[in-house]
Amino acid sequence: MKRLRKALFRNPAVQSVLGALAASYVWLVRVTSRWVDENRDATVDAWAGSEPVIIAFWHNRLFLMPYCWPSQEPFHMLISSHADGRLISKTVSWFNISTVTGSSSKGG
């Protein structure tokens with residue numbers, strides 16, 4: 001059973017459906033949540049695209065990350081090449097975020 005579940009999870013079509021469902025859930029949580037901006041002045045130049053910026057999120061904070069980039073500048077996310085990273089990649093693609101695949105154990 002575990003082997004079947006893993007095979008399904010790694011299937012690109014299943015990942016696409018799961019990514020769409022996850023993106024819908026993220027959207028639902030966003031529209032039903034209260035949002036507070038703190039220290040907004042420190043990020044104005046980055047949001048305007050006038051200076052480069054690197055944004056880091058802890059894994060448990062990734063959920064609403066697509067809504068933390070209010071700029072029209074492109075956003076590229078560094079992500080694992082594992083199945084869970086591909087699922088996250090499918091999910092964030094619904095928010096016009098492109099991904100760059102990387103692995104510290106496979107040559108960086």
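This text follows the structure it describes.
Below: a short report on this structure. Because the structure is a prediction, the values reported are computed rather than measured. (Residues numbered from 1 in each chain as written. Predicted model: local features only at pLDDT ≥ 70, side-chain atom pairs only at ≥ 80, totals over all residues. Heavy atoms only, no water.)

**A look at helix 2 (residues 12-31)**
Part 1 of the reasoning: Its 20 residues give helix 2 an end-to-end C-alpha distance of 28 Å, which sits within 8% of 28 Å, the value for a rise of 1.5 Å per residue.
Part 2 of the reasoning: Against the buried residues of helix 2 lie helix 1 (2-10) and helix 4 (83-93).
Part 3 of the reasoning: Where helix 2 begins, one side-chain oxygen reaches toward the backbone nitrogen of A13, 2.8 Å away; that side chain belongs to N11. (Helix = DSSP H or I, 4+ residues; strand = E, 2+ residues; numbered from the N terminus. Expected span 1.5 Å × (residues − 1). Contact = heavy atoms within 4.5 Å. Polar contact = N/O pair within 3.5 Å; in protein donor to acceptor, adjacent residues only side chain to side chain.)

**Remarks on the side chain of T91**
Part 1 of the reasoning: Along the chain, T91 turns up in helix 4.
Part 2 of the reasoning: The exposure class assigned to T91 is buried, which follows from its relative accessible area of 11%.
Part 3 of the reasoning: Not counting chain neighbours up to four residues away, the residues in contact with T91 comprise G19, A22 and A23. (Buried < 20%, exposed > 50% of the residue type's maximum accessible area, 1.4 Å probe, protein only.)

**Details of the nonpolar core**
Part 1 of the reasoning: Listed in full, the eleven residues of the largest apolar core are A23, V26, V29, L64, M65, F75, M77, I79, V92, F95 and I97.
Part 2 of the reasoning: Apart from residues lying up to four places away in sequence, I97 is in contact with M65, P66, F75, M77 and V92. (Core = buried A, V, L, I, M, F, W, Y, C linked by side-chain atoms within 4.5 Å.)

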